[in-house]
Amino acid sequence: MNTLQSKTQHSMSFSIEGMSCASCAARIEKALNKLDQIEASVNLATEKATVSSPVPIDADNIVQAIHKTGFQAVTQTESFSIEGMTCASCVARVEKALRKVEGVIRAQVNLATEKATVEILGAVSHAQLAAAVQKTGFDVAARQLELSIDGMTCASCVARVEKALSKVDGVQSASVNLASEKAYVQGGAPADLIAAVQKAGYTASILASGQIDQQEQHQEKKKEEIQTLKQDLILALVLAAPVFILEMGGHLIPAFHHWVHSTIGQQNSWYIQLVLTTLILILPGRRFYQHGVPALMRLAPDMNSLVAVGTFSAYLFSCVAVFMPHLLPQGTIHVYFESAAVIIALILLGRFMEARAKGKTSQAIQYLLGMQPKTARVQQDGGFVELEIEHVRTGMLLEIRPGERIPVDGEVVSGSSYVDESMISGEPIPVEKTAGLQVVGGTVNQNGSLSIRATSVGQDSVLAQIIQLVEQAQGSKLPIQALVDKVTLWFVPAVMALALLTFAVWYFLGPEPSLTYALVNAVAVLIIACPCAMGLATPTSIMVGTGRGAALGVLFRKGEALQLLKDVKVAAVDKTGTLTEGKPTLTDFEVTADFHQDEVLLWVASIEAKSEHPIAYAIVQAAQEMKIQLLDVTDFDSVTGAGIQAKTAGHQLHIGAARFMQELGLDIAVFQQKAQELGDLGKTPLYAAVDGRLAAIIAVADPIKASTFDAIQALHDQGIRVAMITGDNQSTADAIAKQLKIDNVIAEVLPDEKVTAVKALQAQYGCTAFVGDGINDAPALAQADVGLAIGTGTDIAMEAADVVLMSGNLQAVPTAIALSTATMNNIRQNLFWAFAYNAALIPVAAGVLYPFFGILLSPMFAAAAMALSSVFVVSNALRLKRFKADRV
């Protein structure tokens, strides 16, 4: 019997926040044991509870029971994509299956984004959730995992890590970024990915994309690395300076050479240089050998291998010259300790400068991380207490005081204030917030107090999603980088082969002392030919460009959009909600001489309040804004295809189009000129008759956004045609197009016909961008070469779009295109410098100029040039931080 019970026993362990004493633990334990068939124990020391039951455990009941005691169970949220859903019943089936998984508190599935969001108590693996979904007949899309990679120093490292990850079972794609030192992998088991990276000679750890606490830890780790580099650099400079002075001082100042010989002696000078250089190699220079030698042994040399072989060759030759000079040919007994020492110091200087500059490329992420407050004031037991932000849960009530940052996404419950939302929209004007409106974590409350209910916390918050989008864009690879990756994979082995060839040519064909010339030139080739600049050329520009875009309210979901946008020939724009405000507004209301305007508006609005037509809503909204109290209405009737009629305040009213008035026998000529003006503006006039007499002309329209005019002019200035796609009739669309100076008008288009319209523009003009609201326009956004979704400031999860424009301002479109152009120009400059540098200086280091001009490149100058090449590339990318939104 006990065996049978143990097989069917269900158990679960989880953490609880806020317990401070034994009575707290006892209270929670008592509440849990009251649940049907539940046995519970709570450990105060570990802050954990364990529950068991002979029947499946309802995690939601557990959470609610703990919440009633005034404490919170620690829960986790997991999101993943689901493939194959087509309707609401699919959604219901998947949600039901997920809720049945033991430990799942709640599950929500979104058909539009094809994503599931699951709140979990205790340990529930992704595999369990995926299995539950698969049983319903659907597939879980391979997750994109983000790995932090340590040990990469150049582009050849990137290529090797990518190759190793791509070979792991289940991996669909792998992209490694040298600038951010991260890998983005689609599919594969985390343990297998980490093992593959380690086998390649590097270390890896899994990061949770978008999680703010992990991002802060990563930033802290980079600061520590920079500090370590700084310490090693200072030590290397202090030790290398005497070596350089002792050896090179004599070459530069003959008197110093004689002084060294007469006081210290040449041999003692060499001993001092040997000791100091040895200390440099085993202390600050050890990093090059720790990474370079194992890479060389795996037949996968990298930049560290070049430095290690170059410096050790100079060091070993010098040791032979000091201790076994008889082994060397006459005239070649020289020491090159200063080369080994100064090369290490200069390369560490370059690494340090590069690391500091690379830190600036991720300032956009650091800025966003700084938007998240560390604590929140949460209502508990009738008062407000300070809680760590990671302990805040959905449904909690929070107090926001004037001047504070809002800690989480939420809904205003009470109070009113203005909130600075420039963080998410790029718009500087504060937005009024009252009860019922949404607020976003990280934005700044200005002059009033607010009470909000948390709706999204942690990874589900808008701020976390923005960080995730910026990270994804920064980690993406552009098509232009494909050639770079192919070249750099073989670059280091080719350089080592070239160094051997250089040595052989100088040794067998060069002038005496040929061994000295052979060694110096081979070392110079090894040191100068660093692929760092090539590896950094593209990712640094992407990181800075996408980061600058985020600051301007332009989020690149896909890095490819950054490359494609500059080639756009035509921008297709959805009218409603993109060019216009997206909601009908009463724009014109004129009455005849026999009537009073306010009176007629009162009667018309009272009757329209009974209608559900969007036009009616606009009229009623206008009346409410004027504080008009609506009247009672009787005998309301809708006349199909014509208008409406009803009685109010003792008057019979008819409201409808011109045809309806003519059927009533009314002459509308008195409004002929006004009707013509409205038609020219793309507005359709309506008429109102009171007691059989024409009383008013009314126009309701979706007003054009104030920013639309300047945005279209900016697109024209960039040489881009603008096409409007709308469901409006042709005459109305033409009138709006004339106002806005739009080039192409595609009118009377049904929602499912927008894709056909985009295809036609692609066939006629080439690269086409489509700008829509990201929800109704998903197919067209996906069809376009680049899809730009106009956001609302909070709805950024627009899966079909390549670029999300947070502000809802069309001006962001030319800004995004200008940023794309600036970024791609920057990448080209970087790539030209990186390739031109190597193409020009490797032959110089090999000595091709010596027969003609007697010029050789010292290994020390080679080290300085190599270090500066990477710094130049990163510094050039940082210029994108100064990109201005008005550069169109």
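What you are looking at is a predicted structure, and each value in this text was computed from that prediction instead of being measured.

Okay, the overall build of the protein next. When you go through the protein residue by residue, the secondary structure sums to 32 helices and 34 strands. Burial status across the protein gives 52% buried among its 888 residues. Long-range contacts, defined here as pairs at least 24 residues apart, represent 69% of the contacts in the protein between residues at least 6 apart. As displayed, the protein offers around 39,300 Å² of accessible surface, 56% of which is attributable to carbon and sulfur atoms.

Looking now at the sheet that holds strand E18 (residues 431-433). Taken in spatial order, the three strands line up as E18-E17-E20 in an open sheet, and their pairing is antiparallel. Whereas interior strands pair on both sides, the edge strands pair on one side only; in this sheet they are E18 and strand E20 (444-445). With two bridges connecting them, strand E17 (residues 417-420) and E20 associate as antiparallel partners. Each residue of the ladder has a partner; that of Asp 420, found in E20, is Val 444.

Across a sheet, paired strands are connected by hydrogen bonds in the backbone, their directions being either parallel or antiparallel. Spatial ordering of the open sheet is given by E24-E29-E28-E27-E26-E25, a layout of six strands whose pairing is antiparallel. Edge strands, defined here as strands with exactly one partner in the open sheet, are strand E24 (585-591) and strand E25 (634-639). The mean inter-strand angle of the sheet, taken between neighbouring strand axes irrespective of direction, is 20°.

As annotated in UniProt, the feature "transmembrane region" (unreviewed entry) corresponds to residues 233-256, 268-285, 306-327, 333-353, 487-509, 515-538, 831-853 and 859-878 in the numbering used here. This span, residues 306-327, is 82% helix and 0% strand, and a straight line between its end C-alpha atoms measures 26 Å.

Another point: helix H5 (residues 126-135). Those residues of H5 not exposed but buried are His 126, Leu 129, Ala 130, Ala 132 and Val 133. The buried residues of H5 occupy an angular sector of 160° when projected down its axis, which confines them to one face. Of the exposed residues in H5, those oriented more than 90 degrees away from the buried face are Ala 127 and Lys 135. At the C-terminal side of H5, Gly 137 shows a positive phi close to 100°.

This part is about the pattern of salt bridges. Tallied over the full model, the rule gives 15 salt bridges. Here Glu 404 and Arg 377 are joined by a salt bridge, their closest N and O atoms 2.6 Å apart. Here Glu 404, found in the loop between strand E15 (397-400) and strand E16 (409-415), pairs with Arg 377, found in strand E13 (residues 375-380); they are 27 residues apart in sequence, far enough to count as distant. Note on Arg 377: relative accessible area 11%, which makes it buried. In this structure, Asp 567 engages Lys 566 in a salt bridge whose closest nitrogen and oxygen atoms are separated by 2.7 Å. Among the residues examined, Asp 567 registers a relative accessible area of 29% and is labelled partly exposed. With a relative accessible area of 24%, Lys 566 lands in the partly exposed category. Through salt bridges with shared partners, one network takes in Arg 377, Glu 386, Glu 399, Arg 401 and Glu 404.

So, on to the confidence of the model for the protein. Confidence along the protein averages 83 in pLDDT terms, with 90% of residues attaining 70 or more. Here helix H1 (residues 2-8) stands out as the element of the protein with the lowest mean pLDDT, 43, in contrast to strand E30 (residues 721-725), whose mean of 93 is the highest.

Glancing now at the packing of helix H12 (residues 303-323) against helix H18 (residues 514-528). At a minimum axis distance of 8 Å, the contact between H12 and H18 shows a crossing angle of 155°. Considering their axes alone, H12 and H18 lie roughly antiparallel with respect to each other. For the pair H12 and H18, the crossing hand works out as left-handed. Only Leu 515, Leu 519, Val 523, Leu 526 and Ile 527 of H18 make contact with H12, whose side of the interface consists of Leu 306, Val 307, Val 309, Gly 310, Ser 313 and Phe 317.

Here Ile 697 lies in strand E29 (residues 693-701). Sequence separation of Ile 697 and Gly 656 is 41 residues, and the distance between their C-alpha atoms is 9.7 Å. Setting aside anything within four residues of it in sequence, one finds Ile 697 in contact with Asp 588, Phe 589, Glu 590, Phe 671, Lys 674, Ala 675, Leu 678, Pro 685, Leu 686 and Tyr 687.

A few words on the side chain of Glu 78. Along the chain, the position of Glu 78 falls in strand E5 (residues 75-83). Those residues in contact with Glu 78 that sit more than four places away from it in its chain are Ala 116, Thr 117, Val 118, Ile 120, His 126, Leu 129 and Arg 143.

This paragraph deals with the environment of Ala 642. By secondary structure assignment, the location of Ala 642 is in the loop between E25 and strand E26 (643-648). On the basis of relative accessibility, which here comes to 15%, the residue Ala 642 falls in the buried class. It is 8.5 Å that separates the C-alpha atoms of Ala 642 and Ile 655, two residues lying 13 residues apart in sequence. Ignoring anything within four residues of it in the chain, the contact list for Ala 642 reads Ile 655, Gly 656, Ala 657, Arg 659 and Phe 660.

Once that is clear, we can look at unusual backbone geometry. In this structure, the amide linkage connecting Glu 512 to the following residue, Pro 513, adopts the cis form with an omega of -10°. Note on placement: Pro 513 falls in the loop between helix H17 (481-509) and H18.

To continue, consider helix H27 (residues 730-740). Because an α-helix packs 3.6 residues into every turn, residues spaced three or four apart end up facing the same way. Taken together, the buried positions of H27 are occupied by Thr 732, Ala 733, Ala 735, Ile 736, Ala 737 and Leu 740. Looking at the buried positions of H27, the neighbouring elements they touch are helix H21 (575-579), helix H25 (672-680), helix H26 (708-717), E30 and strand E31 (744-746). Looking one or two residues past H27, Lys 741 carries a phi angle of roughly 60°, positive in sign.

Turning our attention to the side chain of Thr 580. Tracing the chain through its elements places Thr 580 in the loop between H21 and E24. Note on Thr 580: relative accessible area 1%, which makes it buried. Setting aside residues no more than four positions away along its own chain, Thr 580 makes contact with Lys 575, Asp 702, Pro 703, Ile 704 and Lys 705.

Calculation notes
- Residues numbered from 1 in each chain as written.
- Predicted model: local features only at pLDDT ≥ 70, side-chain atom pairs only at ≥ 80, totals over all residues.
- Heavy atoms only, no water.
- Helix = DSSP H or I, 4+ residues; strand = E, 2+ residues; numbered from the N terminus.
- Buried < 20%, exposed > 50% of the residue type's maximum accessible area, 1.4 Å probe, protein only.
- Contact = heavy atoms within 4.5 Å.
- Areas by Shrake-Rupley, 256 points an atom, 1.4 Å probe, with all protein chains shown as cover.
- Pairing = 2+ DSSP bridges.
- Axes fitted to C-alpha atoms, helices over the stretch in contact; angles between N-to-C directions.
- UniProt positions renumbered as here; feature names shortened; annotations may be inferred.
- Arc of directions from axis to C-beta.
- Salt bridge = Lys/Arg side-chain N within 4 Å of Asp/Glu carboxyl O.
- pLDDT = per-residue confidence, 0-100.
- Parallel < 35°, antiparallel > 145°, perpendicular 65-115°, else oblique.
- Left-handed = near helix turned anticlockwise from the far one by under 90°.

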